[in-house]
Amino acid sequence: MSPQLALLVNPAARGGRTLRLLEPVARRLRAGGAELSVVVGDDAADALERACTAVAERPDALVAFGGDGLVHLAVQAVAGTDVPLGIIPAGTGNDIAAALGVPCKDPVAAARVVLRMKSRLVDAARIRAGHTEELFAGVVCCGFDSRVNERANRLTWPPGMGRYLRAMAEELRSFRPIPFRVTFDGDEVVEREAMLVAVANTRSYGAGMRVCPDALPDDGLLDVMMVGAISKGEFLRVFPSVYRGTHVGHRAVSVRRVRSVRLEAADVVAYADGERVGPVPVECQVRPGALRVIV
């Protein structure tokens, strides 16, 4: 029987440059017997509404054609349903897809994975900030990295990752360690100045930064990584090691595995899967097996 696929597309992924990949991907899916309905929203809110409508019609899968931001949106639509999520990576950052073993450099190969329709259950996590509540599949960042995100989102140049590198250099000039209050599993409280705190369901963010290298998407736990207060010079020396995941051996870095965590700090905004959630305080709680994904 031909799979019925709802293909959720982000036309702005990589500044619109990935749209040229849509036709060969759609052609491969149709050649494999799939029947496609393409879902495109005018903005994020409209795309989410359209994705939820598509899921309500019970396709065999909702397939996100884009980066982590679009996967984040798709998670909101499929979580708690029996409609699996397929991913065809086509964004600047494809960290969630990479954690699930989906080919990230070849969208047509990822389309072949979707056509096999082999799925597994993985965890998601709920994040609550004020009156905002949503799910995430990857990593929540709070601190230096989220401030870089805030700054990068205000820039119009350069394009792509260059914008984040510029924002990082500018943020570092004025950055000071942030006093955090972190509550693990509702009882243990740690108060500490930190450069950043990350809450991870999967191992990486930011196009390959292995912030929590041992995080697993199906262990029913969240990895919480804190980088304590260090000098800017030392921070710059340690930073490149995040791409290998070896930063966790630094004396200022700690990692805890928990089911829930509450982060409190002043003048900090939380980002989940690269998407802005809202000002801290935030609470994160794992939801084991909340997502069925095609892998």
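Coordinates for the structure precede this section.
Model, not experiment: these values are computed from the prediction. Each residue is numbered by its place in its chain's sequence as written, counting from 1. Given that this is a predicted model, residues contribute local features only at a pLDDT of at least 70 and side-chain atom pairs are listed and counted only at 80 or more, while totals for whole chains, interfaces and linings are drawn from all residues. Hydrogens and waters are ignored; side-chain quantities use all the structure's heavy atoms.

(A) Spatial organisation of the pattern of salt bridges. By salt bridge we mean one thing: a side-chain nitrogen of Lys or Arg within 4 Å of a carboxyl oxygen of Asp or Glu. Counting across every chain of the model gives 18 salt bridges. For Glu133, the salt bridge is made with Arg128, and the minimal N-O distance between the two is 3.0 Å. Burial classification: accessible surface area is computed with a 1.4 Å probe over protein chains only, and a residue below 20% of its type maximum counts as buried, one above 50% as exposed, and the rest as partly exposed. Residue class for Arg128 comes out partly exposed when judged on its relative accessible area of 30%. With a closest N to O distance of 2.9 Å, Arg256 and Glu188 form a salt bridge. Of this pair, Arg256 sits in strand E11 (residues 253-258) while Glu188 sits in strand E9 (residues 188-200), and the two are 68 residues apart along the sequence. Overlapping salt bridges, with partners in common, bring together Arg128, Glu133, Arg181, Glu191, Arg262, Glu264 and Glu283 in one network. Under the scheme used here, helices are H or I runs from DSSP no shorter than 4 residues and strands are E runs no shorter than 2 residues, and both carry numbers assigned from the N terminus.

(B) Focus on the packing of aromatic side chains. Planes of paired rings set the category: under 30 degrees apart is stacked, over 60 is edge-to-face and the rest tilted, where pairs are Phe, Tyr or Trp rings (Trp by its six-membered ring) whose centres lie within 6.5 Å. The full count for this structure, using the stated rule, is four aromatic pairs. Each member of the aromatic cluster is reached from another via a ring pair, and the members are Phe144, Phe175, Phe235, Phe239 and Tyr243. Cation placement over rings: the criterion is NZ of Lys or CZ of Arg within 6 Å of the ring centroid and within 35° of the ring normal. The ring of Phe184 carries the charged tip of Arg256 above its face, separated from the ring centre by 4.4 Å.

(C) Seen up close, the pairing of E9. Paired strands are those between which DSSP finds at least two bridges. Here five bridges tie strand E7 (residues 139-143) to E9, and the two strands are oriented antiparallel to one another. Counted as the bridge partner of Val139 is Ala200 from E9. Of the pairings in the sheet, the one linking strand E8 (residues 178-184) to E9 comprises seven bridges and is antiparallel in character. Each residue of the ladder has a partner; that of Pro179, found in E9, is Glu193. Counting the residues in the hairpin turn of E8 and E9 gives three residues, including Asp185, whose phi is positive at 50°. Pairing analysis gives six bridges linking E9 to strand E10 (residues 222-228), with the strands arranged antiparallel.

(D) View of the environment of Gly101. Relative to the elements of secondary structure, Gly101 occurs in the loop between helix H4 (95-99) and helix H5 (107-116). The exposure class assigned to Gly101 is exposed, which follows from its relative accessible area of 58%. For Gly101 and Asp68, which are 33 residues apart along the polypeptide, the C-alpha to C-alpha distance reads 14 Å.

(E) Structural detail: the packing of helix H2 (residues 44-56) against helix H3 (residues 68-78). The angle between two axes is taken between their N-to-C directions and runs from 0 to 180 degrees, where each axis is a line fitted to C-alpha atoms and a helix contributes only its stretch in contact. At a minimum axis distance of 9 Å, the contact between H2 and H3 shows a crossing angle of 40°. In terms of orientation, H2 and H3 fall into the oblique class. In the packing of H2 onto H3, the handedness of the crossing is right-handed. Seen from H2, the contacting residues are Ala44, Ala47, Leu48, Ala51, Cys52 and Val55; seen from H3, they are Leu73, Gln76, Ala77 and Val78. Looking at the contact of H2 with H3 residue by residue, the classes come out as nine nonpolar, one polar and no charged. Geometric relationships in this document are graded by angle, where less than 35 degrees denotes roughly parallel, more than 145 denotes roughly antiparallel, 65 to 115 denotes roughly perpendicular, and other angles denote oblique. Handedness of a helix crossing follows the sense of rotation of the near helix relative to the far helix, less than a right angle counterclockwise being left-handed and clockwise being right-handed. Contacts between residues were defined by any pair of non-hydrogen atoms, one from each residue, lying within 4.5 Å. The classification used treats Ala, Val, Leu, Ile, Met, Phe, Trp, Tyr, Cys and Pro as nonpolar, Asp, Glu, Lys and Arg as charged, and all other residues, Gly among them, as polar.

(F) Inspection of helix H6 (residues 144-154) at higher detail. A large share of H6 lies buried, amounting to nine of its 11 residues. When H6 is considered as a whole, its buried residues turn out to be Phe144, Asp145, Ser146, Arg147, Val148, Asn149, Glu150, Arg151 and Ala152.

(G) The arrangement of the state of the cysteines in detail. A pair of sulfur atoms, both from cysteines and within 2.5 Å, is called a disulfide here. Summed over all chains, the structure comprises zero disulfides. Distance from the sulfur of Cys104, which forms no disulfide, to the nearest cysteine sulfur (Cys212) is 18 Å. Residue class for Cys104 comes out partly exposed when judged on its relative accessible area of 27%.

(H) Molecular detail of the environment of Gln4. You can see Gln4 is positioned in strand E1 (residues 4-9). Along the sequence, Gln4 and Ala34 sit 30 residues apart, while their C-alpha atoms lie 6.0 Å from each other. For Gln4, the side chain forms a polar contact with the side chain of Glu35, separated by 3.2 Å. Under the rule applied, a polar contact is a pair of N or O atoms within 3.5 Å (in protein, one hydrogen donor and one hydrogen acceptor; residues adjacent in sequence only if both atoms are side-chain atoms).

(I) Fine view of the side chain of Asp223. Here Asp223 lies in strand E10. A polar atom in the side chain of Asp223 sits 3.5 Å from the backbone nitrogen of Ala215. Polar side-chain contacts of Asp223 include one of 3.1 Å to the side chain of Arg257. Those residues in contact with Asp223, other than ones at most four positions away along the chain, are Ala198, Val199, Ala200, Cys212, Asp214, Ala215, Val255, Arg256 and Arg257.

(J) Geometry of H2. The end-to-end C-alpha distance of H2, which contains 13 residues, comes to 18 Å, matching closely the 18 Å that a straight helix rising 1.5 Å per residue would cover. All of the buried residues in H2 are Asp46, Ala47, Ala51, Ala54 and Val55. Summarising the contacts, the buried residues of H2 are in contact with E1, strand E2 (35-39), strand E3 (61-66) and H3. Residue Asp43 occupies the N-cap position of H2, its side-chain oxygen lying 3.3 Å from the main-chain nitrogen of Ala45. One or two positions beyond H2, positive phi appears at Arg58, with a value near 60°. By this rule, a helix spans an expected 1.5 Å times one less than how many residues it contains.

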